[in-house]
Amino acid sequence: MPLALLKYGLSSDYPVEVDLPAPKELKPAYDVVIIGGGGHGLATAYYLAKYHGVSNVAVLEKSYLGGGNTARNTAVIRSNYLTSEGVRFYAESVRMFKELSNEFDFNIMYSERGQLTLAHTDATVRAFRQRAEVNKHFGGRTEMIDRQQIRELVPCLNLDPGHLPVLAGLWHIDGATARHDAVAWGYAKQAAKRGVEIHQLTEVQDFIVEHGKVTAVQTNRGTVRCGCVVQAVAGASSLLMNKLNIKAPIHTYPLQAMVTQPFKPFLDPLVSSSALHCYVQQTSRGEIVFGGGSDPYPLYNTRSTLDLKESLLAHAIEMFPFMAGAKLMRQWAGSTDMTPDYSPIMGHSPLDNYYLDAGWGTWGFKATPICGWTMAELVATGKTPALIKPFALERFSTFRQVNEMGATAASH
Ligand SMILES: Cc1cc2nc3c(=O)[nH]c(=O)nc-3n(C[C@H](O)[C@H](O)[C@H](O)COP(=O)(O)OP(=O)(O)OC[C@H]3O[C@@H](n4cnc5c(N)ncnc54)[C@H](O)[C@@H]3O)c2cc1C
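Residues numbered from 1 in each chain as written. Predicted model: local features only at pLDDT ≥ 70, side-chain atom pairs only at ≥ 80, totals over all residues. Heavy atoms only, no water.

- As recorded in an unreviewed UniProt entry, the chain goes by Sarcosine oxidase subunit beta and comes from Ectopseudomonas oleovorans.

Here is the structure:
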């Protein structure tokens, strides 16, 4: 067997397929520089190259591909938001997600499992009714279900956790998961195939601005001139914007998650409760992933805390009492940039050729395809696509916030 393996490894009949070209020197200039090699930056690069013929593009990533929030998130994909702007935008992203494996010829392990959000108070039941109606209006598959239906859907769920009995649920059939790193790898591979350069270990440290435009980015590997710049750095958004004196109401909070030992399959839908600040899902490997709300104080740090572990697990055990015996395997965190209306900031910035993809808080993984698609269209045409017009930075000075707070808590 080892000999056969060795022969196979050395045989020229089976050349190793290289996903990304070997690292090379930075060119002195690019038409487009994208800062951040997470899902959003890579998707923008891919759609620019594939659909707009713009391939003189560099993606500059200070660490490794997808190593930011893309590889730290809990992979919830859904479109059951509250506002018409949000639902339209995320519904389009879900539609694109379903096609991504085909588009890449690479399995991103998209798995449609439905998402159940529990209502424990009358006020939440009323809010969920509104969400269900808005969703249906835009073609989403979302409906209210009662306790009996919840029992049938998730037999092992405790419907009477302590002081907060479950009254009803918002059942979102389109809810899904996908393998997060695969999404980043798929975009990276396909973008690189079309000529996009992806430079890891390349940090943008400052900018050269002339006549209201960014003419170059300064990196740890030298200065690179650019036609325009897309910023897609998630939790580091305000750090870069500060360097350009771009003001935005973003505060950065840690967001944590954790995972247990594997179990036999028992939980197909994603289950979430905003009152218990907890969401639970079982992965395809059988592990149980738990997540909750952001830490309650702004901080640039990705450490895990005992506080969160204790409170989150207490609530998870209220929902699924048998988990009291589960062994926790890992706990981790990412930095999330929160806006006051819990919606992203996308589009133009006060600088002519500097585009923003920021404010993704705890919910940006599911937006990866539509973000890349719309940001690429904006960069290539200079025109803001209708889907992202509501998310412009200027909404904070014109009082046109898109309030999604009720639809993001503990569901992501
Ligand atoms: C624990 C957790 C759970 C989450 N769960 C969900 C979920 O279930 N569903 C969902 O939709 N969203 C979820 N999110 C949010 C989601 O992960 C993010 O919104 C999304 O991944 C943002 O993608 P991105 O490509 O913008 O950012 P990232 O993947 O963070 O990529 C940004 C990249 O920019 C790089 N960078 C930063 N500064 C510089 C610089 N100066 N120069 C060069 N590179 C730089 C970073 O290294 C990073 O790789 C979760 C987040 C966390 C932390």
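## Thoughts on the overall build of the chain
- Summing up its helical and strand segments, the chain has ten helices and 19 strands in all.
- In summary, the chain has a C-alpha radius of gyration of 22 Å against a globular reference of 22 Å for 412 residues, a match within 12%.
- By its C-alpha atoms, the chain is 70 × 65 × 40 Å across when sized along the principal axes.
- Expressed as a percentage of its 412 residues, the buried residues of the chain come to 52%.
- Summed over its atoms, the accessible surface of the chain is roughly 18200 Å², and 54% of this surface lies on carbon and sulfur atoms.
- If the 38 positive side-chain charges of the chain are averaged to one point and the 37 negative ones to another, these points end up 1 Å apart. (Helix = DSSP H or I, 4+ residues; strand = E, 2+ residues; numbered from the N terminus. Rg over C-alpha atoms; globule rule 2.2 N^0.38 Å. Buried < 20%, exposed > 50% of the residue type's maximum accessible area, 1.4 Å probe, protein only. Areas by Shrake-Rupley, 256 points an atom, 1.4 Å probe, with all protein chains shown as cover. Lys, Arg positive; Asp, Glu negative; His and termini not counted. Charge placed at Lys NZ, Arg CZ, Asp CG, Glu CD.)

## Remarks on the nonpolar core
- Judged by nonpolar contacts, the single largest core of 57 residues is most densely connected at V32, F89, F97, I108 and Y187.
- Elements represented by at least two residues in this core include exactly β1 (29-35), α2 (39-52), β2 (57-60), α3 (84-104), α6 (180-193), β12 (222-231) and α9 (368-381).
- It is α3 that contributes the most residues to this core, eight residues altogether.
- Apart from residues no more than four positions distant in its own chain, V32 is found in contact with L48, V54, N56, V57, A58, C228, V230 and V379.
- The next biggest cluster of nonpolar side chains, apart from the first, holds 26 residues, and it includes Y30, A58, F207 and L356. (Core = buried A, V, L, I, M, F, W, Y, C linked by side-chain atoms within 4.5 Å. Contact = heavy atoms within 4.5 Å.)

## Brief notes about α2
- In a regular helix each residue adds 1.5 Å, so 14 residues correspond to 20 Å; α2 covers 19 Å between its end C-alpha atoms and thus fits that length.
- For α2, the full list of buried residues reads G39, H40, G41, L42, A43, T44, A45, Y46, Y47, L48 and A49. (Expected span 1.5 Å × (residues − 1).)

## Notes on the sheet that holds strand β13 (residues 251-262)
- Strand order in the open sheet formed by eight strands is β6-β7-β5-β14-β15-β16-β13-β17, and the pairing between neighbours is mixed. Single-partner strands in this sheet number two, and they are β6 (142-145) and β17 (328-338). Averaged over all pairs of adjacent strands, the angle between strand axes in this sheet comes to 20°, irrespective of strand direction.
- Pairing between strand β5 (residues 115-119) and strand β7 (residues 168-172): five bridges, direction antiparallel. Across the sheet, residue A119 finds its bridge partner in β7, namely A168. (Pairing = 2+ DSSP bridges. Axes fitted to C-alpha atoms, helices over the stretch in contact; angles between N-to-C directions.)

## Details of the pairing of strand β11 (residues 213-219)
- When strand β10 (residues 204-210) meets β11, the two strands line up antiparallel, connected through six bridges. The residue of β11 that forms the bridge with F207 is V217.
- What sits between the antiparallel neighbours β10 and β11 is a turn of two residues, in which H211 has the positive phi angle 50°.
- Judged from the four bridges that link them, β11 and β12 form a sheet pairing that is antiparallel. In the strand pairing of β12, A216 is matched with R225.
- Linking β11 to β12, which pair antiparallel, is a turn of two residues.

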